[in-house]
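# Working through the structure, step by step
Residues per chain, in single letters:
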Amino acid sequence: MVRRIEFLTADGYPPYTGRNLEKGGMLTNLLSSAMDLVKAEARDRLDYNVSWVNDWAAHLNPLLLTRAFDVGFPWDQPECERAAELSPGSRFRCQRFFFSNPIYEVVTVLFVRQDSAIKSLRIEEMQGATICRPVGYSVHEFDQGGRNWLRDNKIVLIRPQTVDECFRLVANGTADGVAIAELVGQSTIRSLRLGEQVRAVQPPVALTPLHVVVSKTHPNARTMLYYINTAMAKLREGGEYERIIERHLARYWESQASPDPNLATTPAKGDAPAGAA
């Protein structure tokens, strides 16, 4: 029986993860609430912990592969059925990790300077553009749906350590755009005071479901994913899932209207979040 599950995430992904955010951010709150259900059903014979390592590039390999931690979040899932068309990093993720059911879906948006010639995602406007995506973040969205921006070298990708750095590179003209979850981008723009310099391009780059991931070599991988998936389903059925999301989104939008240092991105000591995305 699984006695303890060690979760791994990182700062700098508001409103989803961050030690400075209420209950560690929306997704941390959701997973903690789900695991509290599992813990109660196990009569406290199972425990869990959430750790923070601000180096997204190190999360999958080595930290999760070597089982220094059991479960990582939040991560998106490449189109694994198209493995031959994926980048090496995306193929690696498909080959080496199991994914939970989606725990949330974010809108991935391209942010550009206000005076940018990029008004849409049409290839005529994107051709040759320098796009920023922090190291450790997935890039498979750039090739989704036959777009093939990276696969066919239609764009130039640069990968600094953090989301903040990407936005600074856009502001100073080094990069043409940064592709990031919409709310993360808006929070970063606000914390860096770039509201008059940067805008979002429509339509979005992608709608990106986020998951927890477990190494396929972990002996308890299937069991842990079962716990997480079933507990998240119970949160949804009981209405707590929506209440948690609504609370965090309300907090986020309130913060956008008034100064709040808790939503400033946290500088990473290593690489960047995720995830995540």
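Each residue is numbered by its place in its chain's sequence as written, counting from 1. Where local features are concerned, this predicted model is filtered to residues with pLDDT of at least 70; where side-chain atom pairs are given and counted, the filter is 80 or more; whole-chain, interface and lining totals use all residues. Values reported for side chains reflect all heavy atoms of the structure, with hydrogen atoms and water molecules removed beforehand.

### Re the nonpolar core
Quick reminder of the rule: Residues belong to a common nonpolar core when they are buried Ala, Val, Leu, Ile, Met, Phe, Trp, Tyr or Cys residues joined through side-chain atoms within 4.5 Å. For each residue, the accessible area found with a 1.4 Å probe, counting protein chains only, is set against the maximum for its type, and the residue is called buried under 20%, exposed over 50%, and partly exposed in between. Each helix corresponds to a stretch of at least 4 residues labelled H or I by DSSP, and each strand to a stretch of at least 2 residues labelled E; elements are numbered beginning at the N terminus. Whether two residues touch is decided by their heavy atoms; if any such pair falls within 4.5 Å, the residues are in contact.
In terms of nonpolar packing, the biggest core is built from 67 residues, with Ile-5, Tyr-16, Leu-27, Phe-167 and Met-232 touching the most fellow members. Per element, the largest residue contribution to this core is eight residues, and it comes from helix H7 (residues 221–238). Beyond its immediate chain neighbours, meaning those up to four positions away, Ile-5 contacts Met-35, Asp-47, Tyr-48, Asn-49, Asp-70, Val-71, Met-224 and Tyr-227. One finds Leu-110, Phe-142, Trp-149 and Ile-155 within the second-largest nonpolar core, a separate group that totals 15 residues.

### Structural notes on the packing of helix H1 (residues 26–41) against H7
Keep this limit in mind: Lines fitted to C-alpha atoms define the axes, with helix axes restricted to the stretch in contact, and inter-axis angles between N-to-C directions lie between 0 and 180 degrees. Orientation labels follow simple angle bins: below 35 degrees gives roughly parallel, above 145 gives roughly antiparallel, 65 to 115 gives roughly perpendicular, and whatever is left gives oblique. Note on residue categories: nonpolar means Ala, Val, Leu, Ile, Met, Phe, Trp, Tyr, Cys or Pro, charged means Asp, Glu, Lys or Arg, and polar means any other residue, Gly included.
Contact geometry of H1 with H7 gives a least axis separation of 9 Å together with a crossing angle of 105°. In this view, H1 runs roughly perpendicular relative to H7, as classed from their interaxial angle. Taken together, the residues of H7 that come into contact with H1 (itself represented by Leu-30, Leu-31, Ser-33, Ala-34, Met-35, Leu-37, Val-38 and Glu-41) are Tyr-227, Ile-228, Ala-231, Met-232, Lys-234 and Leu-235. Of the residues contributing to the contact of H1 with H7, the split by class is eleven nonpolar, one polar and two charged.

### Quick notes on helix H6 (residues 182–191)
Here H6 has its buried residues at Leu-183, Val-184, Gly-185, Ser-187, Thr-188 and Ile-189. Of the surrounding elements, those touching the buried residues of H6 are strand S5 (104–113), helix H5 (163–171), strand S8 (177–181), strand S9 (198–215) and helix H8 (240–257). One or two positions beyond H6, positive phi appears at Arg-193, with a value near 55°.

### A short note on the state of the cysteines
Note the threshold: The definition used for a disulfide is geometric: two cysteine sulfur atoms within 2.5 Å.
Taken as a whole and assessed by the stated rule, the structure comprises two disulfides. Two residues, Cys-132 and Cys-166, share a disulfide whose sulfurs are 2.0 Å apart. When the S-S torsion is -80°, as for the bridge of Cys-132 with Cys-166, the disulfide is left-handed. Of the two residues, Cys-132 sits in strand S6 (residues 130–132) while Cys-166 sits in helix H5, which places them 34 residues apart along the sequence. An identical accessibility class is assigned to Cys-132 and Cys-166; each is buried. Within the protein chain, bonded cysteines paired by disulfides and numbered along the sequence follow the pattern 1-2, 3-4.

### Quick word on the packing of aromatic side chains
What counts, and what does not: Only the six-membered ring of Trp is used, alongside the rings of Phe and Tyr, when aromatic pairs are assigned; centres must lie within 6.5 Å, and planes under 30 degrees apart are stacked while those over 60 apart are edge-to-face, with the rest tilted. When the NZ atom of lysine or the CZ atom of arginine is within 6 Å of a ring's centre and also within 35 degrees of its normal, the charge is said to sit over that ring.
This structure, assessed with the given rule, holds twelve aromatic pairs. Taken together, a centroid distance of 6.4 Å and an interplanar angle of 55° make the contact between Tyr-226 and Tyr-227 tilted. What makes Tyr-226 exposed here is its relative accessible area of 54%. What links up through ring pairs into an aromatic cluster is the set Tyr-13, Tyr-16, Trp-56, Trp-75, Tyr-104 and Tyr-137. Against the face of Trp-149 rests Arg-147, its NZ or CZ located 4.8 Å from the ring centre. A cation sits over an aromatic face here: Arg-236 above Tyr-241, 4.1 Å from the ring centre.

### Notes on the side chain of His-140
Within the secondary structure, His-140 is located in the loop between S6 and strand S7 (156–158). When residues no more than four places from it in sequence are discounted, the contact partners of His-140 are Asp-76, Gln-77, Pro-78, Glu-79 and Ser-90.

### Points about the pattern of salt bridges
Rules: Each reported salt bridge corresponds to a side-chain nitrogen of Lys or Arg within 4 Å of a carboxyl oxygen of Asp or Glu.
According to the stated counting rule, one finds 15 salt bridges in the structure shown. Of the charged contacts, one joins Arg-122 and Glu-125 as a salt bridge, the two residues approaching to 2.8 Å between their closest N and O atoms.

### Some words on H5
Filter applied, for reference: The directions considered for the arc are those from the helix axis to the C-beta atoms.
Taken residue by residue, H5 has Val-163, Asp-164, Cys-166, Phe-167 and Val-170 as its buried positions. For H5, the angular spread of the buried residues around the axis is 160°, confining them to a single face. Packed against the buried residues of H5 are S5, S6, S8, H6 and S9. Gly-173, located one to two residues past H5, shows a positive phi value of around 90°.

### Concerning the packing of H7 against H8
Two elements in contact, H7 and H8, have axes separated by 4 Å at closest approach and are oriented at 80°. Comparing the axis directions of H7 and H8 gives the class roughly perpendicular. Contacts between H7 and H8 involve Met-232, Leu-235, Arg-236 and Gly-238 from the former and Glu-240, Tyr-241 and Arg-243 from the latter. Split into classes, the residues belonging to the contact of H7 with H8 amount to three nonpolar, one polar and three charged.

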